[in-house]
Amino acid sequence: PQIFRAIAHQLDQVDARPYWVDQKKLDYAARVSARIGMAASFTAMSMFSLMGGYLASRADKTLVATGDLEAMAPRRLAETLTWTVDVTAPGAMERFATGFTSTIRVRLMHAMVRAGMSRRPDWDFDDWDQPVNQSTMAGTLMLFSLGNVVGSQALGVQFSRQDKDALYHFWRYVGFLLGVDAELLPADEADTWRLLWLQADYEFRPDEDSTRLGLALQTALGPLALGGSGHPVAQVARVLTKEFLCAYSRLILGPTNADALELPDNKVAQI
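Described in the following lines is the structure provided in the data block. Fair warning: this is a prediction, and the values are worked out from it, not measured in the lab. (Residues numbered from 1 in each chain as written. Predicted model: local features only at pLDDT ≥ 70, side-chain atom pairs only at ≥ 80, totals over all residues. Heavy atoms only, no water.)

## Points about the side chain of Lys-164
With respect to the secondary-structure elements, Lys-164 resides in helix α9 (residues 161-178). Not counting chain neighbours up to four residues away, the residues in contact with Lys-164 comprise Val-149, Gln-153, Phe-159 and Glu-189. (Helix = DSSP H or I, 4+ residues; strand = E, 2+ residues; numbered from the N terminus. Contact = heavy atoms within 4.5 Å.)

## So, empty space enclosed by the protein
Counting across every chain of the model gives three cavities of 30 Å³ or more. By volume, the largest cavity amounts to about 70 Å³. Leu-26, Asp-27, Gly-91, Ala-92 and Met-93 are the residues nearest the centre of the largest cavity, which is lined by 13 residues in total. Looking at the lining of the largest cavity, the elements with two or more residues in it are α2 (23-36) and α5 (69-88). With four residues, α2 is the single largest residue contributor to the lining of the largest cavity. Class assignment for the residues of the lining of the largest cavity results in seven nonpolar, three polar and three charged. (1 Å grid on protein atoms, 1.4 Å probe; cavity = no way out; pocket = protein on both sides within 12 Å on 5 of 7 lines; lining within 4 Å. Points joined across faces, edges and corners; volume = space filled by probe spheres on them. Nonpolar A, V, L, I, M, F, W, Y, C, P; charged D, E, K, R; others polar.)

## A word on helix α8 (residues 134-153)
In this model α8 runs 28 Å from its N-terminal to its C-terminal C-alpha over 20 residues, within 8% of the 28 Å that 1.5 Å per residue would give. Along its length, α8 shows its largest kink, about 35°, at Gly-147. Most of α8 is tucked away: 17 of the 20 residues are buried. The residue sitting at the N-terminus of α8 and contributing the capping side-chain oxygen is Asn-133; that oxygen lies 3.0 Å from the backbone nitrogen of Ser-135. (Expected span 1.5 Å × (residues − 1). Bend = angle between axes of the 7 residues up to and from the residue. Buried < 20%, exposed > 50% of the residue type's maximum accessible area, 1.4 Å probe, protein only. Polar contact = N/O pair within 3.5 Å; in protein donor to acceptor, adjacent residues only side chain to side chain.)

## Remarks on the nonpolar core
If you look at the biggest cluster of nonpolar residues, it comprises 65 residues, and the most contacted ones within it are Met-47, Met-51, Phe-170, Trp-171, Tyr-173, Leu-177 and Leu-263. Sorting elements by how many residues they give to this core places α9 first, with 10 residues. The residues contacting Leu-177, other than those within four sequence positions of it, are Val-14, Met-93, Phe-100, Thr-103, Ile-104 and Arg-107. (Core = buried A, V, L, I, M, F, W, Y, C linked by side-chain atoms within 4.5 Å.)

## Remarks on the layout of surface pockets
Each pocket or cavity is described by its volume, and for the largest pocket that value is around 1300 Å³. In this structure, the largest pocket is lined by 45 residues; those nearest its centre are Leu-63, Arg-76, Thr-80, Met-109 and His-110. Sorting the residues of the lining of the largest pocket by element identifies α3 (38-53), α4 (57-64), α5, α6 (98-118) and α8 as the ones contributing at least two each. Looking at which element gives the most residues to the lining of the largest pocket, the answer is α8, with nine residues. Of the residues that constitute the lining of the largest pocket, the class distribution is 23 nonpolar, 14 polar and eight charged. Roughly 350 Å³ of volume is contained in the second largest pocket.

## Overview of helix α10 (residues 189-202)
When the terminal C-alpha atoms of α10 are compared, their 20 Å separation across 14 residues agrees well with the 20 Å that a helix rising 1.5 Å per residue should span. Buried residues along α10 sit against α8 and α9. Taking the backbone nitrogen of Ala-190 as reference, a side-chain oxygen 3.3 Å away marks Asp-188 as the first, capping residue of α10.

What follows is the structure in C-alpha cells.
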C-alpha cells in the first residue's frame, strides 16, 4: 500500500502543469531538436553530456553499483538516446504521448533506484549523500539542455536566441516532470550556466569510478554507432569512429577532465 500511495503522489504532481509552461515554446523546441540531426545529437549527447557527466563521481556510484560496466554501457547509451528522441518529437510531451510517459517511467525508476540504494549497507551517505538526489538530477538535466546546445554548437550547429530560449524552456518542463525541485530548475540559459559552475565546484570531482565509466563508454561507441560486423572495413570504421569521437570529447571537455576519463590523446584526430 505504501508504494502505491507514493506512486499516486508522483502522478498527482505531474498532472498539475505549471503556469509557466508555454506550449508554443515546447512545439518550437521540438522543431529545433529535429534540426540538430541524429549525428550531431549522438556526438554531443554521448561524448559531451554523458562522458562529461561521469566527472560527477557521487552520481556515478549508482551506475557502478549495477556491475558489469562494459555490458551496461551500450544499453545505457542506447536508452538515453532513445529517451531523448522520444521526448523531443513533435507533440511528445502531451499527456499520454510517448515522451511524457517515458519521462514518468524514468521518474519512477529513479524513485526505485533511490529506495534500493538507500537500503544497501555499502552506501556511503557521508561521502555520496542521498542516492539520485536533487543535485544529481538537476545536474543531469543540465547535461541534456546546455550539454546538447553547447555540444552541437561545437560541431557547427547554429542556434538563434529564440531557438535556445525554447530549448531551455522545454528542458525546464522535462525537469519538472522528472521531479527536480522548482528552486533548482533553470529558467533560461543564464540560469543553466550558473548551475553548471556550481556543479563544477560541488559535483565534478572525478575518481576511479569516473575513469571506469569513461572507458566503458569508449568501448561501446564503435559497435553502437556502426554495428558489430567482423568485416575488416567495419572493424577499421569502428576504430576510426571511436578515435574521432574521443578527440571531440577531449577538445570540448579539456585536457584535465579528458585525462581523468582516460580519453586517448590522438593529435591527428583532433585536427
